[in-house]
Amino acid sequence: VIIYGDLPKNKENVIYLSNHQCTVDWIIADMLAIRQNALGHVRYVLKDGLKWLPLYGWYFSQHGGVYVKRSAKFNEKEMREKLRAQMKAETPMYLVIFPEGTRYNPEIPKVIADSQSFAEKEGLAILKHVLTPRVKATHVAIDTMKDYLDAVYDVTVAYEGTVDHKGQRKLAPSMTEFLCKECPRVHIFIDRIELKDIPEEQIYMRRWLHERFEIKDKLLIEFYDAKDSKRRNKFPGKSVHSKLSLKKTLPSLLFLGGLTASMLLTESGRKLYVKTWIYGTLIGCLWVSIKP
């Protein structure tokens, strides 16, 4: 894990804005949060369909995650109420938002072309390595929690080994590929932004957010397309190879591994494990359909 920019050592109440390429992006947020002792504070703004994930859909909702629908179906009131409830409970906030709304996938050029066409139509800069960001969820989150937040983290992520032999960008690693070390390094650029530097009105925030994604695009152009091969596969500026101590990772590994093993090694434990997945999923789906 190679980190660029400024990642505060202490945990803060923040909104985390990032480019989106694959499911590993969720884990990147965890990687940064654990370095600030804020791992249990991570919450996500998720597309509505993910609430039907077995067990996890219910868990994300109960943990303070926010499910949103796109475009005209976006429920601003519902999102504000969820965030206000978290603030009222004085819940630590590390809210992850992917403003692109979907993953950047070089194997689906139509999505990229449509995004670029929309930007051109709206008089916005056309982006190459990221999609045109959507502002609604970001605006609602910042506007609702502006007196509760310490900062916004603007995060740009690039995975090494995602360029083919022709120099063209490839699909970002899947979770399995990432965990099996087929991606040797992940590069993370962090820019901490004060709330006072972000426009409040949505029309101006939209322009600000697009400008932030222009900066991301330039960083990624440098990473993937730099004419000087020595400058590729890294972001400009100083970097730190960030390693975690065993005391941050070993306790949870032993606890979860021991708990799972103890269940799977006995017949009654295995039955409980299966029933938890089946009945937990059914109850969870019922719950989020009533109270997302």
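Keep in mind it's a predicted model, so treat the numbers as computed, not measured.

A. Quick look at a positive patch on the surface. On the surface, K47, R70, R103 and R134 cluster together into a positively charged patch. Structurally, the position occupied by K47 is in strand β3 (residues 42-47). Judged by its relative accessible area of 45%, K47 is partly exposed.

B. Representation of the environment of Y224. Mapped onto the fold, Y224 is located in helix α7 (residues 202-225). The spacing of Y224 and I290 is 66 residues in sequence and 45 Å in space, taken between C-alpha atoms. Apart from residues no more than four positions distant in its own chain, Y224 is found in contact with Q21, H129, A158, Y159, T162, V163, R169 and R232.

C. Spotlight on the UniProt feature "domain: Phospholipid/glycerol acyltransferase" (unreviewed entry) in the protein chain. Those places that UniProt annotates as "domain: Phospholipid/glycerol acyltransferase" (unreviewed entry) correspond, in this numbering, to residues 14-139. This span, residues 14-139, is 38% helix and 14% strand, and a straight line between its end C-alpha atoms measures 14 Å.

D. Structural detail: the state of the cysteines. All chains considered together, the criterion is met by 0 disulfides. C183 forms no disulfide, and the closest cysteine sulfur to it belongs to C22, at a distance of 8.3 Å. With a relative accessible area of 7%, C183 lands in the buried category.

E. How the structure looks around the packing of helix α5 (residues 136-145) against α7. Two numbers describe how α5 lies on α7: the axes approach to 10 Å, and their chain directions differ by 115°. Read as a crossing pair, α5 and α7 show a hand that is right-handed. Only Q202, M205 and L209 of α7 make contact with α5, whose side of the interface consists of K136, T138, H139 and I142. Of the residues belonging to the contact of α5 with α7, the class tally is 3 nonpolar, 3 polar and 1 charged.

F. Region of interest: the domain arrangement of the protein chain. Split by domain assignment, the protein chain resolves into domain 1 (2-243) and domain 2 (245-291). Of note, the centres of domain 1 and domain 2, computed from C-alpha atoms alone, are 28 Å apart. Facing 12 residues of domain 1, the contacting portion of domain 2 comprises 12 residues. Its largest share of buried area at the contact with domain 2, domain 1 owes to W52, L55 and W58, together 48% of the area lost on that side. The tally of links between domain 1 and domain 2 comes to 0 salt bridges. Our count for the domain 1 to domain 2 interface comes out at 3 residue pairs in polar contact (both at pLDDT 80 or more). Examining the composition of the side of domain 1 that touches domain 2, we find that 5 residues originate from one element, helix α2 (residues 56-62), more than from any other. Class assignment of the residues belonging to the side of domain 1 that touches domain 2 gives a composition of 6 nonpolar, 4 polar and 2 charged.

G. Main features of helix α3 (residues 76-88). An ideal rise of 1.5 Å per residue puts 18 Å on 13 residues; α3 measures up with 18 Å between its terminal C-alpha atoms. Among the residues making up α3, those that are buried are M79, R80, K82, L83, Q86 and M87. Across the axial projection of α3, the buried residues extend over an arc of 160°, all falling on one side. The exposed residues of α3 that point more than 90 degrees off its buried face are K77 and K88. Residues of α3 that are buried make contact with β3, α2, β4 (66-68), β5 (94-97) and α5. Where α3 begins, one side-chain oxygen reaches toward the backbone nitrogen of K77, 3.3 Å away; that side chain belongs to N75. Backbone geometry just after α3 places E90 at a positive phi near 55°.

H. Representation of α5 within the structure. Counting buried residues along α5, 8 of its 10 residues qualify, which places the element largely inside the surrounding structure. Those residues of α5 lying buried are A137, T138, H139, V140, A141, I142, T144 and M145. Buried positions along α5 lie against β2 (14-18), β3, α3, β5, β6 (151-159) and α7.

I. Highlighting the pattern of salt bridges. Counted by the stated rule, this structure contains 17 salt bridges. Salt-bridge contacts for R206 lead to E122; the nearest nitrogen and oxygen are separated by 3.2 Å. Here R206 is found in helix α7, whereas its partner E122 is found in the loop between α4 (109-121) and α5, with 84 residues between them in sequence. Residue classification places E122 among the partly exposed residues on the basis of a relative accessible area of 31%.

Calculation criteria
Residues numbered from 1 in each chain as written. Predicted model: local features only at pLDDT ≥ 70, side-chain atom pairs only at ≥ 80, totals over all residues. Heavy atoms only, no water. Patch = residues over 30% accessible without salt bridge, like charges linked within 9 Å, V, L, I, M, F, W, Y side chains within 5 Å. Areas by Shrake-Rupley, 256 points an atom, 1.4 Å probe, with all protein chains shown as cover. Salt bridge = Lys/Arg side-chain N within 4 Å of Asp/Glu carboxyl O. Lys, Arg positive; Asp, Glu negative; His and termini not counted. Charge placed at Lys NZ, Arg CZ, Asp CG, Glu CD. Helix = DSSP H or I, 4+ residues; strand = E, 2+ residues; numbered from the N terminus. Buried < 20%, exposed > 50% of the residue type's maximum accessible area, 1.4 Å probe, protein only. Contact = heavy atoms within 4.5 Å. UniProt positions renumbered as here; feature names shortened; annotations may be inferred. Disulfide = S-S within 2.5 Å. Axes fitted to C-alpha atoms, helices over the stretch in contact; angles between N-to-C directions. Left-handed = near helix turned anticlockwise from the far one by under 90°. Nonpolar A, V, L, I, M, F, W, Y, C, P; charged D, E, K, R; others polar. Domains from an automatic or database assignment. Buried area = accessible area lost by both parts, 1.4 Å probe. Polar contact = N/O pair within 3.5 Å; in protein donor to acceptor, adjacent residues only side chain to side chain. Expected span 1.5 Å × (residues − 1). Arc of directions from axis to C-beta.

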